[in-house]
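Chain by chain, the residues run as shown.
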Amino acid sequence: MVRAVPDTHGEILAAAARQFTVTGYRGTSLQDIAREVGCSKATVLYHFANKEALLAELMAPAIEVLRSLDDQLTGLTGAAAQEVAAQGFVDLAVRFRQEIAVLRGEFPELLCQPAFAHIQEISDRLRDALAGHSDRPGARIAALVLLAGISEACGEFADITDDELRLALLTLVRRAVEPVDALPPQQPTTEDKDS
């Protein structure tokens, strides 16, 4: 039975989050969301201009925390940057597990939307901080793999409590990322010696 008006604006957001998690952002229509809420598509459009606006509002709290983390990282280098990046991103990922699950597999495409255009730049700075702003390929690769893996783990392991997941992820990060301050200077490569 279809109700004339949903109980709350939040009910539409919650239904969208569930639908996006199950069928993906691209695979979900406004009609799917309306059907789950028990209202018309017009009612959904009364609350949200389009599907992009729905996703933007759903992701807004996580994006605000990401921006705050980006601000905290400003001016930090070496091991200090690595620790703040690790702690901050793990906390963000665990706290916003459902939102991350929504983005699984669709993150690159979603970054093309205007509401998310700045996220790539923040993500790049976060990766650089986790690498301790090192130019070593190993540090940069490890940082990228860890960020992607943390996001994937948070979306995958819904059966693990937040505290257990946070501890496991931080332990993994601290094992995988050697503090840049402890690394000896990078030796010149063969190419560097030839030039």
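Predicted, not measured: the structure shown is a model, and the values here were computed from it.

A. Spotlight on the packing of aromatic side chains. On inspection of all chains with the given rule, the structure shows 1 aromatic pair. Look at Phe20 and Tyr25: their rings are 5.2 Å apart centre to centre, the planes differ by 65°, and that puts the pair in the edge-to-face class. Neither Phe20 nor Tyr25 differs from the other in exposure class; each is buried. For the cation-ring pair, Lys51 lies above Tyr25, with the distance from its terminal atom to the ring centre recorded as 4.5 Å.

B. Layout of helix H10 (residues 162-176). With 15 residues, H10 extends 21 Å between its outermost C-alpha atoms, agreeing within 8% with the 21 Å of an ideal straight helix rising 1.5 Å per residue. Its buried side turned inward, H10 meets helix H5 (78-95), helix H6 (97-103), helix H8 (119-130) and helix H9 (137-156).

C. Inspection of the confidence of the model for the protein at higher detail. Summarising the model, the protein shows a mean pLDDT of 86, and 88% of its residues fall at 70 or more. Per-element mean pLDDT across the protein ranges from 52 in helix H11 (residues 190-194) up to 95 in helix H2 (residues 30-37).

D. Quick peek at the packing of H8 against H9. Interaxial distance between H8 and H9 falls to 8 Å at its minimum, and their mutual angle equals 120°. When the interaxial angle is binned, H8 and H9 end up oblique. The two elements H8 and H9 cross, and the hand of that crossing is right-handed. Contacts between H8 and H9 pair Ser123, Leu126, Arg127 and Leu130 from the former with Arg140, Ala143, Leu144, Leu146 and Leu147 from the latter. Residue composition of the contact of H8 with H9, grouped by class: 6 nonpolar, 1 polar and 2 charged.

E. Region of interest: the pattern of salt bridges. Under the defined criterion, the tally for this structure stands at 10 salt bridges. Among the salt bridges present, the one from Glu83 reaches Arg174, with a minimum N-O distance of 2.5 Å. With a gap of 91 residues between them, Glu83 in helix H5 and Arg174 in helix H10 connect regions that are remote in the sequence. Look at Glu83 and you get partly exposed, because its relative accessible area is 34%. A salt bridge links Arg127 to Asp128; the shortest N-O distance between them is 3.2 Å.

Parameters and conventions
- Residues numbered from 1 in each chain as written.
- Predicted model: local features only at pLDDT ≥ 70, side-chain atom pairs only at ≥ 80, totals over all residues.
- Heavy atoms only, no water.
- Phe/Tyr/Trp six-rings, centres within 6.5 Å; stacked < 30°, edge-to-face > 60°.
- Buried < 20%, exposed > 50% of the residue type's maximum accessible area, 1.4 Å probe, protein only.
- Lys NZ or Arg CZ within 6 Å of the ring centre and 35° of its normal.
- Helix = DSSP H or I, 4+ residues; strand = E, 2+ residues; numbered from the N terminus.
- Expected span 1.5 Å × (residues − 1).
- Contact = heavy atoms within 4.5 Å.
- pLDDT = per-residue confidence, 0-100.
- Axes fitted to C-alpha atoms, helices over the stretch in contact; angles between N-to-C directions.
- Parallel < 35°, antiparallel > 145°, perpendicular 65-115°, else oblique.
- Left-handed = near helix turned anticlockwise from the far one by under 90°.
- Nonpolar A, V, L, I, M, F, W, Y, C, P; charged D, E, K, R; others polar.
- Salt bridge = Lys/Arg side-chain N within 4 Å of Asp/Glu carboxyl O.

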